[in-house]
Amino acid sequence: MTFLLSERDGVLRFKRKDGNDYWLRSTLLTHAKNRAISSEYIVFSTDISNEIHIQGLSYIDELTQIYNRKKLTASLKSAINIIKRYPKEESALILFDIDDFKAVNDTHGHLVGDAILQELSKIIKVQLREVDTFARWGGEEFAIIAPKTDMQGALKITEKLRRIISEHHFEKIEQLTCSFGITEIKAIDDLDSLVNRADKALYSSKNRGKNRIEFLA
């Protein structure tokens, strides 16, 4: 009898002729007796495209169609692990929220407030890189994970976003501004310490006049 041993399991992404992606969970097997020299392999694959699609939907905020808190939490944990493994890597976390958003809802109603959240998400998303993670943290608060970005780079990105938001014309309100807090992701961080530091920077921005940027290294 010849036994087969699993050498590797993984999920592979392919592209169909129509341009859409499909996903296979594959297991590579080789002969146990000759695994050191054998060039004969058997691959078992299962199409998991629907599973990946459903999982992807669970990471999307229903209102804004950007990532949600669940996805952001997973991405932050991954970013911390990368920094722990590669200490020379530089990444930043940017938290921001809309200034005086309660007044917008109270004056114009929640439908207008929802439309503003959607429009804001769109104008921010187009300014970011594909490697960045942009998510709704909750309510009117958002977050961006910027990998391979030092503090100077994060400040440059954030100032650009602050200016674009403050100059953008939103329907039914004269001006919308946001306050920002930035911190670098450190090897000594866990999720709580990282988010708390970014939160402190954000609230410092709020307390010092809003429509501004503060950072904690």
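Rules and cut-offs
- Residues numbered from 1 in each chain as written.
- Predicted model: local features only at pLDDT ≥ 70, side-chain atom pairs only at ≥ 80, totals over all residues.
- Heavy atoms only, no water.
- Salt bridge = Lys/Arg side-chain N within 4 Å of Asp/Glu carboxyl O.
- Helix = DSSP H or I, 4+ residues; strand = E, 2+ residues; numbered from the N terminus.
- Pairing = 2+ DSSP bridges.
- Axes fitted to C-alpha atoms, helices over the stretch in contact; angles between N-to-C directions.
- Contact = heavy atoms within 4.5 Å.
- Buried < 20%, exposed > 50% of the residue type's maximum accessible area, 1.4 Å probe, protein only.
- Phe/Tyr/Trp six-rings, centres within 6.5 Å; stacked < 30°, edge-to-face > 60°.
- pLDDT = per-residue confidence, 0-100.
- Polar contact = N/O pair within 3.5 Å; in protein donor to acceptor, adjacent residues only side chain to side chain.

Caption draft 1: View of the pattern of salt bridges. In this structure the tally under the stated criterion is twelve salt bridges. The residue Asp61 makes a salt bridge to Arg136 at a minimum N-O spacing of 3.3 Å. Of this pair, Asp61 sits in the loop between α1 (49-57) and α2 (69-85) while Arg136 sits in strand β5 (residues 133-138), and the two are 75 residues apart along the sequence. Here Asp97 makes a salt bridge to Lys206, at a shortest N to O gap of 2.6 Å. With Asp97 in strand β4 (residues 92-98) and Lys206 in helix α6 (residues 191-207), this pair connects stretches of sequence that are 109 residues apart.

Caption draft 2: Geometry of the sheet that holds strand β7 (residues 178-184). Across the sheet, five strands lie side by side as β5-β6-β4-β7-β8; this open sheet has mixed pairing. Of all strands in the sheet, those with a lone pairing partner are β5 and β8 (213-216), marking the two edges. Ignoring strand direction, the axes of neighbouring strands in this sheet form an average angle of 20°. Examined bridge by bridge, β5 and strand β6 (residues 141-146) share five bridges and lie antiparallel to one another. The partner of Arg136 across the bridge, within β6, is Phe142. Taken strand by strand, α6 contacts β4, β5, β6, β7 and β8, and its axis lies near 145° from that of β7.

Caption draft 3: Seen up close, the pairing of β6. Here β6 lies mainly inside the structure; six of its six residues are buried. Burial along β6 is two-sided: Glu141, Ala143 and Ile145 and Phe142, Ile144 and Ala146, pointing in opposite directions, are all buried. Relative to β6, β4 runs antiparallel, the two sharing six bridges. From the neighbouring strand, Ile94 faces β6, where its bridge partner is Ile144. Hairpin remark: β5 followed by β6, antiparallel, with two residues in the connecting loop; positive phi at Gly139, about 60°.

Caption draft 4: Representation of the packing of aromatic side chains in the model. Scanning the model with the defined rule gives four aromatic pairs in all. Ring centres 6.4 Å apart and planes at 10° place the aromatic pair Phe96 and Phe134 in the stacked group. In this pair, Phe96 is assigned in strand β4 and Phe134 in strand β5, connecting sequence segments 38 residues apart. Ring centres 5.4 Å apart and planes at 20° place the aromatic pair Phe96 and Phe142 in the stacked group. You can see Phe96 sitting in strand β4 and its partner Phe142 sitting in strand β6, a full 46 residues away along the chain. Assessed through its relative accessible area of 0%, Phe96 is described here as buried. In textbook terms, an aromatic cluster arises when at least three aromatic residues are bridged by ring pairs, as seen for Phe96, Phe134, Phe142 and Phe180.

Caption draft 5: Structural view of unusual backbone geometry. Notably, Asp100 is not glycine yet its phi reads approximately 55°, a positive angle. Along the chain, Asp100 turns up in the loop between β4 and α3 (101-108). Since its relative accessible area comes to 47%, Asp100 is described here as partly exposed. For Lys172, which is not a glycine, the phi torsion comes out positive at approximately 75°. Mapped onto the secondary structure, Lys172 falls in the loop between α5 (151-167) and β7.

Caption draft 6: Spatial organisation of the confidence of the model for the protein chain. Scored by pLDDT, the protein chain comes out at a mean of 86, with 78% of its residues at no less than 70. Taken as a whole, residues 1-6 scores under 50 in pLDDT and shows 17 contacts with residues more than four places along the chain or in a different chain.

Caption draft 7: Fine view of the side chain of Thr149. Mapping Thr149 onto the fold places it in the loop between β6 and α5. Owing to a relative accessible area of 6%, Thr149 belongs among the buried residues under this scheme. Among the polar contacts listed, one links the side chain of Thr149 to the backbone oxygen of Ala146, at a separation of 3.4 Å. Non-local contacts of Thr149, meaning those with residues more than four positions away in its chain, are made with Glu90, Ser91, Ala92, Arg129, Ala154 and Ile157.

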